[in-house]
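# Residue-level structural notes
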Amino acid sequence: MSSAAQREEEARRLDGSDPLPTLRGEFLVPPAPGGAYAEAAYFAGNSLGLQPRAVAGRLREELDDWARLAVEGHTQARRPWVDYHALLREPAARLVGALPREVVAMNSLTVNLHLMMASFYRPAGDRTRIVIEDTAFPSDSYAVASQAVHHGLDPAATVVRLKPRPGEDNLRTEDVIGLLEREGGTVALVLLGGVNYLTGQLMDMPAITKAGRAAGAVVGWDLAHAAGNVPLRLHDWDVDFAAWCTYKYLNSGPGAVAGCFVHERHVRDASVPKLSGWWGTEPAVRFRMDPDIAPPASADAWQLSNPPIMALAPVLASLEIFDRVGMDALRAKSERLTGYLASRLAPVGGVEIITPVDPAARGTQLSLRVADAGGLVRRLAEDHGVVADAREPDVVRLAPAPLYCTFHDCHRAAEALADLV
């Protein structure tokens, strides 16, 4: 085996020759908690992305406009607040493969999922069940169970939790489709994670969406770990709805404003029921203060309240980076980084990669089954300056986000794990 110095030299060579040079300099990288390097090797962007350097300036501009204009900032700010959310519409649409009228930035992820289910989960007769993955993020489990209760149903009988085959960690697409073909007449809603938060598995969204809709079900996607991670084509895939947060791969700050997609066929259908608020009416008539709503033929019809400007400014700054680089280029670099990290971890004893081996079946996250995951994550940071996260009892997650992670970061993580495990 080559020496550590040779392995480090190879990682630096890969960084120097990569077709997409790192944009690390456009982000604020925290100092290393420990180890030989000044900056952390940051692999927790699947939990909270790094702060773009441009964000502070954007927030200062909005604060200055507030100080200078007060209420007149709604119409006279350099980016008028009354229409601020519209600035995010086109870049968000490009990010998720949608028409501009199909997307809106609003609320938080689980709030948006509830708003979507208020419109699209309509249990009737035998068609009442909701299909999720057994390892769904807890918030999704809570949300669908509460929706069942809201409709007077028993969550234990209503929520179908898809489990991998015995001895496996990931769902097989054919098993998901098989369930929908056999039992689709009882399924009202399919709501899966585009990329599973625990294993990092990228679901076959086009195939599952097609099967769900063929079975007569509504198909929605939680894209918390997919948006900004993998290319999406929500409109072309005929997805009914989707929602995502923006503080992970989209680097928009803790608790940042989320995004939502509603397919064109639904936004044009005035009969779709929805929970409504002031910002869900046509802008042209909003300030008439009429008691009856006039919803626009767009995803804006699902908005409830006026947009939080200070919270949207970081999202806009981040989307501009993604627009400039492009998801296809980021995906290609993600595959190179993740493949390199996987190859470096393969010979490390005591580490089992549970994320799919096939690059087409995973995003940028690698999930490792190890003993004492929480303790290992602490030692990675304290001893080596490598920031990852743990999901108890035995999973460590490493996400080499391609905007700011490097091959050298992956080298540091592999060397650290080999030292500690």
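By the naming in an unreviewed UniProt entry, the chain goes by Kynureninase and is assigned to Actinomadura bangladeshensis. Recorded in UniProt under Function (unreviewed entry), the annotation for the chain is "Catalyzes the cleavage of L-kynurenine (L-Kyn) and L-3-hydroxykynurenine (L-3OHKyn) into anthranilic acid (AA) and 3-hydroxyanthranilic acid (3-OHAA), respectively."

### Concerning the packing of aromatic side chains
Evaluation of the coordinates by the stated rule reveals nine aromatic pairs. The positively charged end of Lys 274 is found above the aromatic ring belonging to Trp 302, 4.6 Å away from the centroid. Across the ring face of Trp 279, the terminal group of Arg 286 is positioned such that the distance to the ring centre comes to 4.0 Å.

### Here we look at the packing of helix α5 (residues 109-120) against helix α6 (residues 138-150)
Remark: α5 packs on α6, axes separated minimally by 10 Å, with the N-to-C direction vectors making an angle of 30°. One element, α5, and the other, α6, form an angle in the roughly parallel class. By crossing handedness, the relation of α5 to α6 is classed as right-handed. Two secondary-structure elements touch here, α5 through Thr 110, Leu 113, His 114, Met 117 and Ala 118 and α6 through Ser 139, Asp 140, Ala 143, Val 144, Ser 146 and Gln 147. Split into classes, the residues belonging to the contact of α5 with α6 amount to five nonpolar, five polar and one charged.

### Remarks on the UniProt feature "modified residue: N6-(pyridoxal phosphate)lysine" (unreviewed entry) in the chain
This chain's UniProt record puts "modified residue: N6-(pyridoxal phosphate)lysine" (unreviewed entry) on Lys 248. Along the chain, Lys 248 turns up in the loop between β9 (241-244) and β10 (259-262). Here Lys 248 falls in the buried class, since its relative accessible area comes to 9%.

### Overview of the sheet that holds strand β6 (residues 159-162)
Pairing is mixed in the open sheet, where seven strands are placed in the order β4-β10-β9-β8-β7-β5-β6. The sheet is open, and its two borders are formed by β4 (103-105) and β6, each paired with just one other strand. Direction aside, neighbouring strands of the sheet carry axes that sit 15° apart on average. Sheet strands touched by α5: β7 (187-193), β8 (218-222), β9 and β10. Its angle to β9, the strand with the most contacts, is close to 165°.

### A short note on the side chain of Ser 334
In this structure, Ser 334 sits in helix α13 (residues 327-345). Exposure remark for Ser 334: the relative accessible area of 1% places this residue in the buried category. Within the structure, Ser 334 has its side chain in polar contact with the side chain of Thr 364 (distance 3.1 Å). Every residue in contact with Ser 334, bar those within four places of it in the chain, is listed here: Gly 363, Thr 364 and Pro 402.

### With respect to the sheet that holds strand β15 (residues 395-398)
Strands sit in the order β11-β12-β15-β14 across an open sheet of four strands; the sheet is antiparallel. Where the open sheet ends on each side, the last strands, each with one partner, are β11 (352-353) and β14 (389-391). Relative to strand β12 (residues 366-369), β11 runs antiparallel, the two sharing two bridges. Bridge pairing links Glu 352 to Arg 369 in β12. Together, β11, β12 and β15 form the strand contacts of α13, whose direction differs from that of β12 by roughly 15°.

### As for the nonpolar core
Ranked by size, the top nonpolar core spans 71 residues in total, and within it Val 190, Trp 221, Leu 223, Leu 234, Trp 244 and Leu 403 carry the most contacts. When residues in this core are grouped by element, the largest group, nine residues, is from helix α12 (residues 309-325). Here Leu 403 is in contact with Thr 22, Leu 23, Arg 24, Phe 27, Asn 251, Ile 321, Phe 322, Val 325 and Leu 330, once residues within four sequence places are set aside.

### Digging into unusual backbone geometry
What you tend to see is this: most non-glycine residues have negative phi, and most peptide bonds are trans. Put simply, Glu 392 and Pro 393 share a cis peptide bond, and its omega is 10°. Phi at Ala 70 is positive, roughly 50°, even though this residue is not glycine. Topologically, Ala 70 is positioned in the loop between α2 (54-69) and α3 (73-76). The phi dihedral of Asn 251 falls on the positive side, at around 55°, and the residue is not glycine. Checked against the element boundaries, Asn 251 lands in the loop between β9 and β10.

### Re the UniProt feature "binding site: pyridoxal 5'-phosphate" (unreviewed entry) in the chain
On the UniProt side, "binding site: pyridoxal 5'-phosphate" (unreviewed entry) is annotated at positions that read Leu 109, Thr 110, Phe 137, Pro 138, Ser 139, Asp 140, Asp 222, His 225, Tyr 247, Trp 278 and Asn 306 here. Maximum C-alpha separation among the annotated residues is 30.9 Å over a sequence range of 198 residues, too wide for a single clustered spot. The topology assignment puts Ser 139 in helix α6. If you trace the backbone, Asp 140 turns up in helix α6. Asp 140 has contacts with Leu 113 and Asp 222, leaving out every residue within four places of it along the chain.

### Quick word on the domain arrangement of the chain
Taken domain by domain, the chain comprises domain 1 (3-46 + 326-420) and domain 2 (60-323). Each of domain 1 and domain 2 was reduced to a C-alpha centroid, and the two centroids are 29 Å apart. When the buried surface of domain 1 facing domain 2 is broken down by residue, Asn 46, Met 327 and Ile 354 rank first, second and third, together holding 25% of it. Seen at the junction of domain 1 and domain 2, the total is two salt bridges. Notably, a salt bridge pairs Arg 233 with Asp 328, separated by 3.6 Å at the nearest N-O pair. At the boundary of domain 1 with domain 2, the tally comes to eleven residue pairs in polar contact (both at pLDDT 80 or more). Put simply, the parts of the chain that give the side of domain 1 that touches domain 2 at least two residues each are α13, β12 and β15. Looking at the side of domain 1 that touches domain 2 element by element, the count peaks at four residues for α13. Its residues placed into classes, the side of domain 1 that touches domain 2 shows 13 nonpolar, eight polar and eight charged.

Scoring rules and cut-offs
- Residues numbered from 1 in each chain as written.
- Predicted model: local features only at pLDDT ≥ 70, side-chain atom pairs only at ≥ 80, totals over all residues.
- Heavy atoms only, no water.
- UniProt positions renumbered as here; feature names shortened; annotations may be inferred.
- Phe/Tyr/Trp six-rings, centres within 6.5 Å; stacked < 30°, edge-to-face > 60°.
- Lys NZ or Arg CZ within 6 Å of the ring centre and 35° of its normal.
- Axes fitted to C-alpha atoms, helices over the stretch in contact; angles between N-to-C directions.
- Helix = DSSP H or I, 4+ residues; strand = E, 2+ residues; numbered from the N terminus.
- Parallel < 35°, antiparallel > 145°, perpendicular 65-115°, else oblique.
- Left-handed = near helix turned anticlockwise from the far one by under 90°.
- Contact = heavy atoms within 4.5 Å.
- Nonpolar A, V, L, I, M, F, W, Y, C, P; charged D, E, K, R; others polar.
- Buried < 20%, exposed > 50% of the residue type's maximum accessible area, 1.4 Å probe, protein only.
- Pairing = 2+ DSSP bridges.
- Polar contact = N/O pair within 3.5 Å; in protein donor to acceptor, adjacent residues only side chain to side chain.
- Core = buried A, V, L, I, M, F, W, Y, C linked by side-chain atoms within 4.5 Å.
- Domains from an automatic or database assignment.
- Buried area = accessible area lost by both parts, 1.4 Å probe.
- Salt bridge = Lys/Arg side-chain N within 4 Å of Asp/Glu carboxyl O.

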